[in-house]
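# Report on the structure
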Amino acid sequence: MRNTYFFYFLLFIIMGCFGCTQSNSQHISQDKSYRSEEAIKKGDVVQTGITVYNFERFEQFLNNYHGKKPDKIRVTSYTVEGDPIFIDLDYDGENIKYFHDSSNDEYGSKEIVKDVCAMIIEEKKEQRKIDYSVSSCSKNNAYLVISIDQNDFQYKQSK
């Protein structure tokens, strides 16, 4: 009788672990399937190499920021292997909620970073490079959002 209880207990534990493993792998595979074409259609600012899609949406976000109008935006970039990395900015008219999700990057840190920042800065670097960052953040000084090399920059509008 004691062996029967032990057997059912062990079976219960194994089935529970199997169920957890299945649901996690499905969640990851769904996020990894977020291809650039889908991101572009949804209005994300998408950076693939030197090409940036929907950059006009990023410019609109910057205009809203300067006008103190609340706005939200997602910047999606892709690794060489095609894994998506998400940066969400949520501006409430005063502060910017920063959310960086690299959990789908197979070879990366798989970090999810959340912070609250006060400013967006545009930094013109040498050789026509422009970095857009959020700064004056509560946990870190600044986070890079998108970097544009104007020598190679290719701008594509969504259709």
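Now for a quick tour of the structure. (Residues numbered from 1 in each chain as written. Predicted model: local features only at pLDDT ≥ 70, side-chain atom pairs only at ≥ 80, totals over all residues. Heavy atoms only, no water.)

## Observations concerning the state of the cysteines
Each disulfide is one covalent bond, formed between the sulfur atoms of two cysteines. Convention followed: Disulfides are defined as cysteine sulfur pairs within 2.5 Å. Only DSSP runs of H or I covering at least 4 residues are called helices, and only runs of E covering at least 2 are called strands; the numbering of each starts at the N terminus. For every residue, the accessible area (1.4 Å probe, protein chains only) is compared with the maximum for its type, and the residue is labelled buried under 20%, exposed over 50%, or partly exposed between those bounds.
Counted according to the given criterion, the structure contains 1 disulfide. Put simply, Cys117 and Cys137 are joined by a disulfide, and their sulfur atoms are 2.1 Å apart. Taking the torsion about the S-S bond as the criterion, the Cys117 to Cys137 disulfide, at about 100°, is right-handed. A residue pair is termed long-range when its members are at least 10 positions apart, and Cys117 in strand β6 (residues 112-117) and Cys137 in the loop between β8 (129-135) and β9 (142-149) qualify at 20 residues. With respect to class, Cys117 is no different from Cys137; both count as buried.

## Overview of unusual backbone geometry
Even without being a glycine, Asn54 presents a positive backbone phi close to 60°. Residue placement: Asn54 occurs in the loop between β2 (51-53) and α3 (55-66). Relative accessible area serves as the criterion here: at 1%, Asn54 is assigned to the buried category. The backbone phi angle of Arg128 is positive, close to 60°, even though this residue is not glycine.

## A few points about the nonpolar core
Using the following cut-off: Grouping buried Ala, Val, Leu, Ile, Met, Phe, Trp, Tyr and Cys residues that are joined through side-chain atoms within 4.5 Å yields what is termed a nonpolar core. Any two residues whose heavy atoms approach within 4.5 Å are treated as being in contact.
The biggest cluster of nonpolar side chains holds 25 residues, and the ones touching the most others in it are Phe58, Leu89, Tyr98, Tyr132, Val134, Val145 and Ile146. Listed by contribution, the elements that provide at least two residues to this core are α3, β3 (71-78), β4 (84-91), β5 (96-101), β6, β8 and β9. Here this core gets 5 residues from one element, more than from any other, and that element is α3. With sequence-adjacent residues up to four places away left out, Leu89 is seen in contact with Phe61, Asp71, Lys72, Ile73, Ile96, Lys97, Tyr98, Val134 and Val145.

## Quick notes on the packing of aromatic side chains
Let me state the cut-off plainly: A pair of aromatic rings is counted whenever rings of Phe, Tyr or Trp (Trp by its six-membered ring) have centres within 6.5 Å, and the orientation is called stacked for planes under 30 degrees apart, edge-to-face for over 60 and tilted otherwise.
For the structure shown, the criterion picks out 6 aromatic pairs. Measuring from centroid to centroid gives 4.2 Å for Tyr98 and Tyr143, while their planes differ by 15°, and the two rings are stacked. Taken together, the residues Tyr98 in strand β5 and Tyr143 in strand β9 connect sequence positions 45 residues apart. Comparing Tyr98 with Tyr143 shows no difference in burial state: the two are buried.

## A short note on the side chain of Gln47
Convention followed: The definition of a polar contact used here is a pair of N or O atoms within 3.5 Å, where within protein one atom must be able to donate a hydrogen and the other to accept one, and adjacent residues in sequence count solely through side-chain atom pairs.
Looking at the secondary structure, you find Gln47 in strand β1 (residues 45-48). The buried category is assigned to Gln47, whose relative accessible area is 17%. Here Ser147 takes part through its backbone oxygen, which lies 3.0 Å from a polar atom of the side chain of Gln47. Setting aside anything within four residues of it in sequence, one finds Gln47 in contact with Val52, Thr76, Ser77, Tyr78, Ile146 and Ser147.

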